[in-house]
There are 2 protein chains.
Amino acid sequence: MSLLHRTIESIKPLNPSYFNLASERLDNLTKPKGSLGRLEEFAKRVVAITENTKPSLDKKAVFVLAGDHGVVEEGVSAYPKGVTKEMVYNFLRGGAGINALSRHTGIDVFVVDIGVDWHFQIENAEGLITRKISMGTNNIAKEPAMSAGEAVRSIEVGIGLVQDAVEKGYNFISVGDMGIGNTTPSSAVMSSLTGLNPDEIVGTGTGIDNKVLEHKVEVVKNALSFHNPDPDFPIDVLSRVGGFEIGGIAGVILGGASRRIPVVVDGFVSTAGATVAIGLCPEVSNYIFFSHKSAEGGHGLILQKLGVVPILDLDMRLGEGTGAVLAMFIIEAGVKAYNEMATFEEAGVSKKQEKHNHLATNEPDLARIK
Amino acid sequence: MSLLHRTIESIKPLNPSYFNLASERLDNLTKPKGSLGRLEEFAKRVVAITENTKPSLDKKAVFVLAGDHGVVEEGVSAYPKGVTKEMVYNFLRGGAGINALSRHTGIDVFVVDIGVDWHFQIENAEGLITRKISMGTNNIAKEPAMSAGEAVRSIEVGIGLVQDAVEKGYNFISVGDMGIGNTTPSSAVMSSLTGLNPDEIVGTGTGIDNKVLEHKVEVVKNALSFHNPDPDFPIDVLSRVGGFEIGGIAGVILGGASRRIPVVVDGFVSTAGATVAIGLCPEVSNYIFFSHKSAEGGHGLILQKLGVVPILDLDMRLGEGTGAVLAMFIIEAGVKAYNEMATFEEAGVSKKQEKHNHLATNEPDLARIK
């Protein structure tokens, strides 16, 4: 059995008893029931994913998967293709958005060359993980992005990244992307897998004007009618109209779920990876946190179609994992509140509609909990 | 001139040239223009508030103002009044929601007794600041909450807190509340100052049922018609139907603005304080960040009326400053991205619609920026 199949087989439904255990504790903490809102939802899900009633999310990684796209030839992006590799260097020097936000949030950044059109002379240097499948995808306007074998390999790259990370002790991961042109294949993949029309979801990416946007919609529509990918076979969709980083992102998600690690998905391109992962294994959706509603195209509509409410809505559309690392911090906040808050009994605080707790009317012991 | 008047006099409009300076830098950073969305908005506003093009928000405090409310006699809360002091002890031991989230976000918690119905034997101990005006407000169903002089003093307490904090080097502050029953006076204050009907904004607070909610709406309506406070005079509104922590919060906001320090406002009760501050000095609104849309009552409607879009929407309704500290972290993320990201030139990244930057086609210097 292939790594991909073994991984999918190993992904199990969440056990509802862990939700109950977490709810019980949450309802005994010194706050009105449910008053931490979605933070409580996040804590419960992390308990259920990790099957640990005192989970810790203390070692965090974001994988930024970088790849190039043949479809850039069609003039769908505002930036030249070479920016993909230039941004990889920027990541490695710590100068990009994801670097600043990951330093702020205490998250380690791993940049993965899964298909950049450039020979980095710094292979496997600190921070760059080399898993190049090829020098970028083919132009989906004319031929399949990649072979079916390459599509599977791109997903298995992502699975492998998580396996390595787990060995290093990482217990909370997220995914982001870098790839000039990649909102075009992402739109094609998500249109195919969600049934939404390209008109509803294609956006301006790095900042094209309305005329180029119309052209980009046409490119996506034409690619879909030319290749006619079968939405029941996400590997087919990924290979015909996808991208290497989209496959890699799907793999990180599947790999995380198979190791019972919560996975946070970034914006538009990462959501394309998520639709591939969910298409391959619907159960995986319970292991995913969708970090934010991107301002790119119809991302909000896609999330609605997936039935999820994103954690943040800050009009961001940078990719790289920038939305994901902020959401990781919020999810961890929920877990810390769950772990660290005192119960009513511990704190000597009266419960709802009870009389005063007489124990608490004396000056209590002020030894700090933390 | 009183401290309050001097403070209001010293609050100046923001200088648009600082927004321009910040925008210039943001547009040169290695990202598509505007792609960090609201993070860019936050960074620009912090630059303009601080009049510093390299602002730092590295020393952060949250003030949790605690007070009691005579109106609890009317049966408007699900919890007994004594929980206010019990929660103060919980704060001091580090066991409350605000403690867990402040540890997570690196923010110092200062608990302020501005009117708790309890003699703490630990006055001015570590973490507790004693600024008690009285042992709680009067019952607004029967008499004014406090005298006009006490209303002014409660605001001046808040102003003083900021002055002390600035001397200790704090450069970023937020406000939260603790006070059983305080959503009732908060609703009355906001109804009076925004013109919204109590039916639209009164909520279930710590968790009352529908029958008690109807009663709470009546209590607010009756208090407003009994006292008939004049919305053109926020001190009048505060003294007749407000609370000490609401005044204190207004003071922290005014004090922050007068010292050019960004102030983050928590949820429902803190927003009541904000409406008092804005009523006294409309210019102060440019110094305020509204952290989150609370799930309490018509908080979303009130924010709409104030013309602001909150940073977070996580269904939280705990108060204490719990939403504020999470938002402080997001605002600081924007400032760090603004400060730390490389420009296109620094990173050798090609700009939009330019040809390749030939400098960048060689293996660049990989010295890390951070």
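Look up: the structure comes first, before these words.
Worth saying up front: this structure is predicted, and the values here are computed from it rather than measured.

About the thresholds
- Residues numbered from 1 in each chain as written.
- Chains lettered and ligands numbered in written order.
- Predicted model: local features only at pLDDT ≥ 70, side-chain atom pairs only at ≥ 80, totals over all residues.
- Heavy atoms only, no water.
- Salt bridge = Lys/Arg side-chain N within 4 Å of Asp/Glu carboxyl O.
- Helix = DSSP H or I, 4+ residues; strand = E, 2+ residues; numbered from the N terminus.
- Contact = heavy atoms within 4.5 Å.
- Buried area = accessible area lost by both parts, 1.4 Å probe.
- Polar contact = N/O pair within 3.5 Å; in protein donor to acceptor, adjacent residues only side chain to side chain.
- Nonpolar A, V, L, I, M, F, W, Y, C, P; charged D, E, K, R; others polar.
- Core = buried A, V, L, I, M, F, W, Y, C linked by side-chain atoms within 4.5 Å.
- Buried < 20%, exposed > 50% of the residue type's maximum accessible area, 1.4 Å probe, protein only.
- Pairing = 2+ DSSP bridges.

Participant: Please clarify how the pattern of salt bridges should be interpreted in this entry.
Facilitator: Any two side chains of opposite charge can pair, so long as their charged atoms come close to each other. Overall, the coordinates contain 26 salt bridges over all chains when judged by the stated rule. A:Arg103 serves as the salt-bridge partner of B:Glu340, at 2.8 Å between the closest nitrogen and oxygen. A residue pair is termed interchain when its members come from two chains, as with B:Glu340 in helix H14 (residues 322-340) and A:Arg103 in helix H5 (residues 97-105). One salt-bridge network, held together by shared partners, links A:Lys60, A:Glu332 and A:Lys336.

Participant: Explain the interface of chain A and chain B to me, please; I cannot follow it from the model alone.
Facilitator: Think of interface size as the accessible area that goes away when the parts come together; that is how it is often given. Of the residues lining the interface, 77 residues belong to chain A; the matching set on chain B comes to 78 residues. Summed over both partners, the interface of chain A with chain B buries about 6800 Å², with 61% contributed by carbon and sulfur atoms. Taken together, chain A and chain B are joined by two salt bridges. In this assembly, chain A and chain B are joined by 24 residue pairs in polar contact (both at pLDDT 80 or more). Listing elements by their share of the side of chain A that touches chain B, those giving two or more residues are helix H3 (38-50), helix H4 (83-93), H5, helix H14 (322-340) and helix H15 (344-347) of chain A. Ranked by the residues each element gives to the side of chain A that touches chain B, the list is headed by H4(A), at nine residues. Residues that form the side of chain A that touches chain B fall into these classes: 37 nonpolar, 20 polar and 20 charged.

Participant: Could you clarify how one ought to interpret the nonpolar core in this entry?
Facilitator: Most often, soluble globular proteins keep nonpolar side chains buried together rather than apart. Core analysis: the largest hydrophobic core is formed by 266 residues, its most contacted members being A:Val284, B:Ile155, B:Leu254 and B:Val284. Once you skip the residues sitting within four places of it in the chain, B:Leu254 turns out to touch B:Leu4, B:Thr7, B:Ile8, B:Ile11, B:Ile155, B:Ala277, B:Leu280, B:Cys281 and B:Val284.

Participant: Please explain the pairing of strand E1 (residues 60-67) of chain B as it appears in this structure.
Facilitator: As a general feature of sheets, a regular strand has side chains that alternate between the two faces. Residues and elements named next belong to chain B. By the criterion of burial, E1 is predominantly enclosed, with eight of the eight residues buried. By the alternation rule, side chains of E1 split into Lys60, Val62, Val64 and Ala66 and Ala61, Phe63, Leu65 and Gly67, which are all buried. The sheet contact formed by E1 and strand E4 (residues 172-178) spans seven bridges and is parallel. The residue bridging Ala61 from the neighbouring strand is Ile173, located in E4. Looking at chain direction, E1 and strand E2 (residues 108-115) are connected through seven bridges and run parallel.

Just geometry here; none of it tells us what the structure is for.
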